[in-house]
Amino acid sequence: MTQYAALLRGINVNGITIAMADLAELFRELGFSEVRTVLASGNVLFRTGTEAVDPKDLAADVAERKAAIEAGLRERFDYDAYIVLVEAESLDRIIRAYPFDAEHDGWHPYVMFASDPAALTELAGHARELEAADERIELGHGVLYWEVRKAVGVKSHFSKKSGKPKYRDTTTTRNLHTLSKLIHADSDA
């Protein structure tokens, strides 16, 4: 069986409210097993089928499952669904590759995912504009790592850049600790 993490963008904000129990139920109805949710921000860990996907077929499998999940979300919850679907072992590698101190006191550790890798590359180009005393970014394998002082948060230069509509519709950001809970913790639903 292959294990995946689905990261839903834009739920439980801006009027799109989905209970995690209902979300988990949808994933089970779609035929997935061992469904777990973490926090109310749309983080789902689940298993597929009975056999692991051959690594050479992984990209096609991800695309097919992503489309099925997005269609199910649209139909069930009536919103324009967008998810990032990551194979769990890849997500674990992403977590372990975090280039900053994940326990840096007074700082938030984040990982940004995108449906278009060019968006991450473009955002990474803003690294030189950032005040290192407040925040840092670094491009990773298919993600952008970001750490920001808690006192600065959403007022930071990078937060303002990445929050522009051209990025907001194709990216989703998760706290590193949330991702770790998703991969390593017990279920919320």
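Scope of this entry: the structure provided in the associated data block. (Residues numbered from 1 in each chain as written. Predicted model: local features only at pLDDT ≥ 70, side-chain atom pairs only at ≥ 80, totals over all residues. Heavy atoms only, no water.)

1. Quick look at the overall build of the protein chain
Right, so step 1: When you go through the protein chain residue by residue, the secondary structure sums to 7 helices and 8 strands.
Right, so step 2: Whereas a compact globule of 189 residues would reach a radius of gyration of roughly 16 Å, the protein chain reaches 16 Å, a difference of no more than 12%.
Right, so step 3: With the C-alpha coordinates aligned to their principal axes, the bounding extent of the protein chain is approximately 45 × 35 × 30 Å.
Right, so step 4: With 189 residues in all, the protein chain has 44% of them scored as buried.
Right, so step 5: Residue pairs in contact within the protein chain that sit at least 24 positions apart in sequence constitute 68% of those at least 6 positions apart.
Right, so step 6: Carbon and sulfur atoms make up 49% of the accessible area of the protein chain, which amounts to about 9700 Å² in all.
Right, so step 7: Looking at the protein chain, you have 23 positive and 30 negative side-chain charges, and the mean spots of the two groups are 5 Å apart. (Helix = DSSP H or I, 4+ residues; strand = E, 2+ residues; numbered from the N terminus. Rg over C-alpha atoms; globule rule 2.2 N^0.38 Å. Buried < 20%, exposed > 50% of the residue type's maximum accessible area, 1.4 Å probe, protein only. Contact = heavy atoms within 4.5 Å. Areas by Shrake-Rupley, 256 points an atom, 1.4 Å probe, with all protein chains shown as cover. Lys, Arg positive; Asp, Glu negative; His and termini not counted. Charge placed at Lys NZ, Arg CZ, Asp CG, Glu CD.)

2. Digging into the pairing of strand β7 (residues 144-149)
Right, so step 1: Of all 6 residues in β7, 5 are buried, a share of seventy percent or more.
Right, so step 2: Where strand β5 (residues 107-114) and β7 come together, 6 bridges link them in antiparallel fashion. Of the residues in β7, the one forming a bridge with His 108 is Val 148.
Right, so step 3: Inspection of the sheet shows strand β6 (residues 135-139) paired to β7 by 5 bridges, in the antiparallel sense. When the bridges of β7 are listed, Arg 136 appears paired with Glu 147.
Right, so step 4: Counting the residues between successive antiparallel strands, the hairpin from β6 to β7 contains 4 residues, one of them, Gly 142, with a positive phi of roughly 80°. (Pairing = 2+ DSSP bridges.)

3. Things to note about unusual backbone geometry
Right, so step 1: If you check the backbone angles, Glu 34 has positive phi at about 50° while not being a glycine.
Right, so step 2: Checked against the element boundaries, Glu 34 lands in strand β2 (residues 33-37).
Right, so step 3: Backbone geometry places Leu 39, a non-glycine residue, at a positive phi of 60°.
Right, so step 4: Of note, Leu 39 is situated in the loop between β2 and β3 (43-48).

4. Section: the sheet that holds strand β4 (residues 83-87)
Right, so step 1: Strand order in the open sheet formed by 4 strands is β2-β3-β1-β4, with antiparallel pairing between adjacent strands. On the outer flanks of this sheet lie β2 and β4, each paired with one strand and no other. Put simply, the sheet's adjacent strands are angled 20° from each other on average, direction ignored.
Right, so step 2: Pairing of strand β1 (residues 2-8) with β4 involves 5 bridges; the strand directions are antiparallel. (Axes fitted to C-alpha atoms, helices over the stretch in contact; angles between N-to-C directions.)

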